[in-house]
Amino acid sequence: MEAVEIDINTPQSARIWNYWLGGKDHYAVDREAGDAVLAHIPDIPEGARSERAFLVRAVRQLVETGGLRQFLDVGTGLPTANNTHEVAQRLAPESRIVYVDNDPTVLAHARALLTSTPEGATDYLDADMRLPGEIIEAAQRTLDFSEPIGLMMLGVVNHLMDDEEAYRVVRELVDALPEGSFLVLTHSSAEVHGEPMLRAMRETTERGGTPIRARTAAEIEDLFAGTELLEPGVVSCSQWRPDTAGETPKPVYLFGGVGRVG
């Protein structure tokens, strides 16, 4: 893999996220940006952990109940515990996963995403989600688009500031999937924290970080157009089919859901 030039003077969303998750792949500028958000929303790391737990539950659902053995993970972020291929291949070793990101830091760590069981396969695409056609074409090296695929878009569409572009990107990716596929998507929302969340997003962008915006639960639900939302629909990702019985988990700022294609 070629050497990758990494900008350590500008905060990057993948590295800030890694910092909140307790990882080691971040720089002072990322910690400063992350701490600025924490000043407004001290429980933000809980949201990051809840989203990762949501990924585990969703992939498990799709493998065990949906019978899926293929995943296209767009907006991968830095490798951490329970990456998509690890969850899927623990349950079905023959699973095939393609990761997609255009962050140089993620590319530099891509080898960690390319470990696979002998029965399965993983691949990494250095590509921009705003170009769905290029992603689909390249993903066909590893995935069979005549068979159902799980499209993972966790915490990535919130970096598309324009509504029309956001809906277009998701729609074009979903339209390329065969019947029986699923869309798994999470998105930042201000419905839990209100103005402090919006202020934190503005400040992160002003620091030169990846632009990010909040959308309402209704707007996030619109991203699932053309799919059949599984129960309980679009909710705080901590509350989507939680493993814990009894008391409803505390809501976090990331909302999401799972929709069936076809």
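One structure accompanies this document, and this report is about it. (Residues numbered from 1 in each chain as written. Predicted model: local features only at pLDDT ≥ 70, side-chain atom pairs only at ≥ 80, totals over all residues. Heavy atoms only, no water.)

Regarding the environment of D103
The residue D103 is located in the loop between β2 (96-101) and α5 (104-108) in this model. Once the C-alpha coordinates of D103 and S13 are considered, the two residues, 90 residues apart in sequence, prove to be 9.0 Å apart. The residues touching D103, leaving out its near neighbours within four places in the chain, are Q12, A14 and Y124. (Helix = DSSP H or I, 4+ residues; strand = E, 2+ residues; numbered from the N terminus. Contact = heavy atoms within 4.5 Å.)

What to know about the packing of aromatic side chains
For the coordinates displayed, the defined rule picks out one aromatic pair. Between F54 and W240, the ring centres sit 5.5 Å apart and the planes meet at 80°, which makes this aromatic pair edge-to-face. Of the two residues, F54 is situated in helix α3 (residues 44-64) and W240 in the loop between β7 (235-236) and β8 (254-261); the sequence distance between them amounts to 186 residues. Both residues of the pair, F54 and W240, count as buried. (Phe/Tyr/Trp six-rings, centres within 6.5 Å; stacked < 30°, edge-to-face > 60°. Buried < 20%, exposed > 50% of the residue type's maximum accessible area, 1.4 Å probe, protein only.)

A word on the nonpolar core
Ranked by internal contacts, the top residues of the largest apolar core, which has 46 residues, are F54, V59, F71, V184 and V258. Sorting elements by how many residues they give to this core places α3 first, with nine residues. Once residues within four sequence positions are removed from consideration, F54 is found in contact with L154, V184, T186, C237, W240, G257 and V258. Counting residues in each nonpolar core, the second largest holds 34 residues, with I136, A138, F145 and L173 among its members. (Core = buried A, V, L, I, M, F, W, Y, C linked by side-chain atoms within 4.5 Å.)

Points about the environment of V29
Note on placement: V29 falls in helix α2 (residues 28-40). Ignoring sequence-local partners within four residues, the contact set of V29 consists of I8, N9, T10, P11 and R15.

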